[in-house]
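Structure assessment
Chain by chain, the residues:
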Amino acid sequence: MDNIIMHEQLTINEQNPIIARFYDYDHFSYPWHFHSEFEIIYVKESHGERFVADSVERFNPGDVILLGSNLHHYMRSHEIYYKGDPGLRVKGVVIQFAHDYMAHAINKYADFTHIKSFLNNAKRGYYFPCPQNSEIIQSIEALPLQSGIRRIINLLLLLDKMAAFKDKRFIGSPHFSENTSEYAGNRIEKILSYLNYHYTENLSLNDMSSKFSMNASAFCRYFKQNTGKSYIDYIQDLRIGYACKLLIGTSYDISQISVECGYNTTCHFNKIFKRKTALTPSEYRGKFVR
């Protein structure tokens, strides 16, 4: 896989808001890409590696994932699927639907609040583990066989099940998402907005607390209460999230990325990166870029 991210254009429109189909391949072949539509992928047969946002994980039979709008992703089959064995197939179901699917109802009516929250938080992707997801799989496998209003209604019922599924988890790491809408309060919004534009700069605790008319200890308490993270940890998450994007999407060397992300020394950058991702920057890039 190279480091070019393709913008896939799907044939989804007002007349065709949902694509639901079975797939049967020799191996996954679509490159590192994104699209504005939501996507549900069910793997019935095959295994390999799944790349979503800044996450690299194995996928196996029974896996179900949901990908948010414009979320970068790529499925790479295990190398045995490239050896021409006719007995090895990649099978499953893919469902793609418009990012504004049922937007008025989902955004306005109280009965859809859980689905609205679920889709809004899909920017990092969701994973639904097997075998707990068996009821979800049944609904997914039924959708390609339906059409018209039945397909529209049953996709809504599927999203209801997925939103209520207790064992789901995010795929991408927290520092990959730049969404701060979950934080309430005018002051914290201003602080986070400022950090999102200046996190690569040398922002000392004293400078930040003074800027927002607080003493350092009060600022630390307020920040932790409203974000669940320390100020330093939050800055590091933003920087490492940016580093992940640069490692995937550019050919910059590690020292360049270190400076770009606000670290004075490559050694310090490598230490923080390894602590946050369990990989060195070189190992991380090697997972994504071939």
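Please refer to the structure higher up on the page.
Thresholds applied
Residues numbered from 1 in each chain as written. Predicted model: local features only at pLDDT ≥ 70, side-chain atom pairs only at ≥ 80, totals over all residues. Heavy atoms only, no water. Helix = DSSP H or I, 4+ residues; strand = E, 2+ residues; numbered from the N terminus. Rg over C-alpha atoms; globule rule 2.2 N^0.38 Å. Buried < 20%, exposed > 50% of the residue type's maximum accessible area, 1.4 Å probe, protein only. Contact = heavy atoms within 4.5 Å. Areas by Shrake-Rupley, 256 points an atom, 1.4 Å probe, with all protein chains shown as cover. Lys, Arg positive; Asp, Glu negative; His and termini not counted. Charge placed at Lys NZ, Arg CZ, Asp CG, Glu CD. Salt bridge = Lys/Arg side-chain N within 4 Å of Asp/Glu carboxyl O.

Moving on to the overall build of the protein. Counting its regular elements, the protein contains 11 helices and 11 strands. Rg of the C-alpha trace for the protein: 21 Å, near the compact-globule value of 19 Å for 290 residues, within the 12% margin. Principal-axis analysis of the C-alpha atoms gives the protein an extent of 60 × 50 × 35 Å. Out of the 290 residues in the protein, the part that is buried amounts to 45%. Taking contacts inside the protein between residues at least 6 apart in sequence as the whole, the part at least 24 apart equals 73%. Of the accessible surface of the protein, which amounts to about 14900 Å², a share of 50% is contributed by carbon and sulfur atoms. Placing the 33 positive and 30 negative side-chain charges of the protein at their respective mean positions leaves the two points 5 Å apart.

A complete count under the given rule lists 11 salt bridges for this structure. Of the charged contacts, one joins arginine 169 and glutamate 57 as a salt bridge, the two residues approaching to 3.0 Å between their closest N and O atoms. Of the two residues, arginine 169 is situated in strand E11 (residues 169-170) and glutamate 57 in strand E6 (residues 55-59); the sequence distance between them amounts to 112 residues. Through salt bridges that share partners, Arg50, Glu57, Asp63 and Arg169 make up one connected network.

Just distances and angles here, no functional claims.
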